[in-house]
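Chain residues, written in single-letter form:
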Amino acid sequence: MNQNIEHLHFEKCESTQTILKDELNLRDSIPNLLVSSGSQSKGRGRSDNKWDSIENSIAMSFVIEPNSVLTLTSLELGAIICNYFHDYSLKLKWPNDLLNSQQMKCAGLLCQTYKDKILVGIGINYGPSQILERSQQYKFGRSHITNKQINDSDIKIISHSIYSYIINNRLTSEETIETWNSYCTHLNQKVEIRDDKRVDSGVFKGIGPNGEALIESKDLITKVYSGSLFLN
Ligand code: BTN
């Protein structure tokens with residue numbers, strides 16, 4: 001059964017993530033709330049990075065229930081978005097990057113806990129942009145999903161359609177692991193995962209029960225819970 005969605009759309013705003021949180025702070029109960037925009041002046045990315053607004057992009061933030069395994073929630077979302085855009089053959093790079101068919105980042109997502117819910121922010125480079133073109137010489141540079149130009153009304157319609165698809169097509173933890181691995185662009189490839197304290201290298205064997213990367217080296221599997229992944 002389709003669930004009710006409350007949708008706030010802004011042609012321009014500071015950050016859909018901030019608006020979502022401020023809006024929820026004013027309410028007693030938490031609805032299926034979606035905030036969308038085509039242009040953010042203070043977009044936030046993961047690890048305190050900025051998330052710049054570019055032409056033909058979509059910024060959206062919304063509320064969801066966590067996956068039954070909390071740490072799988074963001075991986076589940078990546079897998080559902082690949083399902084949503086199945087015609088465009090998107091791929092996933094651990095932990096949370098969405099890549100287009102040329103292996104370039106075309107969307108990013110961040111998740112924050114809020115009471116017993118999750119606030120999700122997704123930035124989607126939907127159509128082409130001049131800024132993106134400059135980064136396309138790099139593997140895992142940034143690019144877009146489609147060649148379509150979108151206007152403000154399209155952004156509202158597409159973000160509603162994506163949120164509606166997500167809340168009506170949730171994956172169990174088992175489905176998340178299976179679907180995520182099926183979209184993974186570096187399964188069985190040599191990778192390196194770096195964070196502030198350590199570097200793990202070996203063959204990426206998929207994600208484990210909590211979304212951790214399983215890295216095989218010298219017949220041993222190491223579980224890696226955080227870091228940035230690079231292809232060797
Ligand atoms: C990443 O760093 O890869 C995640 C980027 C997430 C950006 C989105 S755009 C919608 C929402 N509003 C924000 O300010 N950030 C998120």
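Residues numbered from 1 in each chain as written. Predicted model: local features only at pLDDT ≥ 70, side-chain atom pairs only at ≥ 80, totals over all residues. Heavy atoms only, no water.

## Quick word on the site of the ligand
Inclusion rule: A cutoff of 4 Å decides nearness: a residue is near a molecule or strand if any of its heavy atoms lies inside that distance of it. By the criterion applied in these results, polar contacts are pairs of N or O atoms within 3.5 Å in which, for protein atoms, one can donate a hydrogen and the other can accept it, and in which residues neighboring in sequence qualify only through two side-chain atoms. Accessible surface is estimated by sampling points in the Shrake-Rupley manner with a 1.4 Å probe; for residues, cover comes only from the protein chains shown. Under the DSSP-based scheme used, a helix requires at least four consecutive residues in state H or I and a strand at least two consecutive residues in state E, with every element numbered from the N terminus.
Taken together, 19 residues lie around the ligand, and Ser15, Gln40, Arg44, Arg46 and Lys105 are the ones closest in. Separating a nitrogen atom of the ligand from a side-chain N or O atom of Gln40 is a distance of 2.9 Å. With respect to the ligand, the backbone of Arg46 contributes an N or O atom lying 2.8 Å from an oxygen atom. Computed on the free molecule, the ligand has an accessible area of 420 Å², of which 98% lies beneath the protein chains in the complex. Of all the elements in the fold, those that place two or more residues in the shell around the ligand are helix H1 (16–25), strand E3 (57–64), strand E6 (105–114) and strand E7 (117–125). No other element matches the 4 residues that E6 contributes to the shell around the ligand.

## Describing the sheet that holds strand E12 (residues 228–231)
For clarity, the cut-off: DSSP bridges decide pairing: two strands pair if at least two such bridges lie between them. The axes used here are C-alpha line fits, helices contributing only the stretch in contact, and every angle between their N-to-C directions lies in the interval 0 to 180 degrees.
Judged by pairing direction, the sheet is antiparallel, and its 5 strands sit side by side in the order E11-E10-E9-E8-E12 without closing on themselves. The sheet is open, and its two borders are formed by strand E11 (220–224) and E12, each paired with just one other strand. Averaged over neighbouring strand pairs, the angle between their axes works out to 45 degrees when direction is ignored. Here 5 bridges tie strand E10 (residues 213–217) to E11, and the two strands are oriented antiparallel to one another. Residue pairing for E11: Glu216 is matched across the bridge by Ile221.

## A short note on the state of the cysteines
By definition, a disulfide links the sulfur atoms of two cysteines through a covalent bond. Definition in use: Disulfides are defined in this document as cysteine sulfur pairs within 2.5 Å. Residue burial is assigned from relative accessible area. The probe radius is 1.4 Å, only protein chains are included, and a residue is buried under 20% of its type maximum, exposed over 50%, and partly exposed in between.
The final tally for this structure, using the stated rule, is 0 disulfides. With no disulfide partner, Cys13 has as its closest neighbouring cysteine sulfur the one in Cys111, 18 Å distant. Judged by relative accessible area, which is 10%, Cys13 ranks as buried. Note on Cys106: no disulfide assigned, nearest cysteine sulfur contributed by Cys82 at a separation of 8.1 Å. Judged by relative accessible area, Cys106 falls into the buried class, the value being 0%.

## Here we look at the side chain of Asp200
Stated formally: Working rule for contacts: check all heavy atoms of both residues, and any pair within 4.5 Å makes them a contact.
Mapped onto the elements, Asp200 comes out in strand E9 (residues 199–207). Under the relative-accessibility criterion, Asp200 is labelled buried at 9%. Separated by 2.7 Å, the side chains of Asp200 and Arg198 make a polar contact. What Asp200 contacts, discounting residues up to four positions off in sequence, is Val191, Glu192, Ile193, Thr222 and Val224.

## Some thoughts on the pattern of salt bridges
Selection rule: Definition used for salt bridges: Asp or Glu carboxyl oxygen within 4 Å of a side-chain nitrogen of Lys or Arg.
For the coordinates displayed, the defined rule picks out 12 salt bridges. For the salt bridge of Lys117 with Glu65, the shortest nitrogen-to-oxygen distance reads 2.5 Å. Taken together, the positions of Lys117 in strand E7 and Glu65 in the loop between E3 and helix H2 (73–84) put the pair 52 residues apart, joining distant regions of the chain. The exposure class of Glu65 is partly exposed, given its relative accessible area of 43%. Here Lys105 ties to Asp97 by a salt bridge, and the two come within 3.0 Å at their closest N and O atoms.

## What about the domain arrangement of the protein?
Heads up, the condition is: Bear in mind that the domain bounds are from an automatic or database domain assignment. We define buried area as the total accessible area lost by two parts upon association, computed with a 1.4 Å probe and summed across both.
Domain annotation of the protein identifies domain 1 (6–183) and domain 2 (190–231). Here domain 1 and domain 2 have C-alpha centroids that lie 24 Å from each other. Facing 12 residues of domain 1, the contacting portion of domain 2 comprises 16 residues. Summed over both partners, the interface of domain 1 with domain 2 comes to about 1,000 Å²; 68% of that surface belongs to carbon and sulfur atoms. Taken together, the connections running from domain 1 to domain 2 amount to 0 salt bridges.

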